[in-house]
Amino acid sequence: MSTSLGTHEYPGGSPANVAYGLSKLGAGTALWTALGDDRLGDILRSHLTGAGVEVLDWAKPLASTSTAKVQLAEDGSAEYDFSVDLTIQERPLPVLPALLHVGSAAAFTDPGCRAVEDAACSAQARASLPLTRTSGRN
């Protein structure tokens, strides 16, 4: 995030923030994600595991970890610049959770959204579990 006071990096993203918060509240939590084998991926993985989140790798590491850069103006308005790898391989969930939350641009944007939707619907059918979504298609 950039402001008139400088630039700061914060680990997160909608699904990571949900997993982090639930874990801090004492819920057994895992995040099924794709991170880069880079400095930002290491920071995010450490942030999550430090809170007790089990990080499950979707596939091989990405070329680089996805980012969202935010520029805050003096009036508080924000401009966003996303760098996201939207290519997601089809795979079944490695574990069946009691609750599944789906979020992130990659989960609702082509070309990866179909793989995410298929995995979520398959898990929901196999475990009869509740499914929540941050945004996107219904």
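Above this text is the structure in question.
The model shown is predicted, which means the values in this text are computed figures rather than measured ones.

Draft legend 1. Geometry of the nonpolar core. Trp 32, Trp 58, Leu 93, Leu 100, Val 102, Ala 107 and Val 116 are the most contacted members of the largest nonpolar core, which has 13 residues in total. Elements with a minimum of two residues in this core: β7 (100-102), α3 (105-108) and α4 (113-127). Top element by residues in this core is α4. It accounts for four residues. Contacts of Ala 107, omitting those with residues within four sequence positions, involve Val 102, Cys 113 and Val 116. By size, the runner-up hydrophobic cluster in this structure holds eight residues, among which are Leu 35, Leu 44, Leu 48 and Val 55.

Draft legend 2. Quick peek at the environment of Met 1. Position of Met 1 among the secondary structure elements: in the segment before β1 (2-3). When the C-alpha atoms of Met 1 and Gln 71 are compared, they prove to be 5.9 Å apart, with 70 residues separating the residues in sequence. Those residues within four positions of Met 1 in sequence are excluded, and the remaining contacts are Gly 6, Thr 7, His 8, Tyr 10, Val 70 and Leu 72.

Draft legend 3. Broad picture of the side chain of Thr 65. Of note, Thr 65 is situated in the loop between β4 (54-57) and β5 (67-72). A polar contact is formed between the side chain of Thr 65 and the side chain of Asp 38, at a distance of 2.7 Å. For Thr 65, the side chain forms a polar contact with the main-chain nitrogen of Gly 41, separated by 3.0 Å. Leaving out residues up to four positions away in the same chain, Thr 65 has contacts with Leu 35, Gly 36, Asp 38, Leu 40 and Gly 41.

Draft legend 4. Spotlight on the side chain of Asp 38. Along the chain, Asp 38 turns up in the loop between β3 (30-33) and α2 (39-50). No salt bridge forms around the buried Asp 38; measuring N to O, its nearest opposite-charge neighbour Arg 39 is 7.8 Å away. Not counting chain neighbours up to four residues away, the residues in contact with Asp 38 comprise Ala 63, Ser 64 and Thr 65.

Draft legend 5. Molecular detail of the pattern of salt bridges. Enumeration over the complete set of coordinates arrives at three salt bridges. We note a salt bridge from Glu 9 to Arg 39, for which the minimum N-O separation is 2.9 Å. Here Glu 9, found in the loop between β2 (6-7) and α1 (14-24), pairs with Arg 39, found in helix α2; they are 30 residues apart in sequence, far enough to count as distant. Between Arg 45 and Asp 57 there is a salt bridge, and its shortest N-O distance comes to 2.8 Å. Of the two residues, Arg 45 is situated in helix α2 and Asp 57 in strand β4; the sequence distance between them amounts to twelve residues. A relative accessible area of 45% means that Asp 57 is categorised as partly exposed.

Cut-off values and rules
- Residues numbered from 1 in each chain as written.
- Predicted model: local features only at pLDDT ≥ 70, side-chain atom pairs only at ≥ 80, totals over all residues.
- Heavy atoms only, no water.
- Core = buried A, V, L, I, M, F, W, Y, C linked by side-chain atoms within 4.5 Å.
- Buried < 20%, exposed > 50% of the residue type's maximum accessible area, 1.4 Å probe, protein only.
- Helix = DSSP H or I, 4+ residues; strand = E, 2+ residues; numbered from the N terminus.
- Contact = heavy atoms within 4.5 Å.
- Polar contact = N/O pair within 3.5 Å; in protein donor to acceptor, adjacent residues only side chain to side chain.
- Lys, Arg positive; Asp, Glu negative; His and termini not counted.
- Salt bridge = Lys/Arg side-chain N within 4 Å of Asp/Glu carboxyl O.

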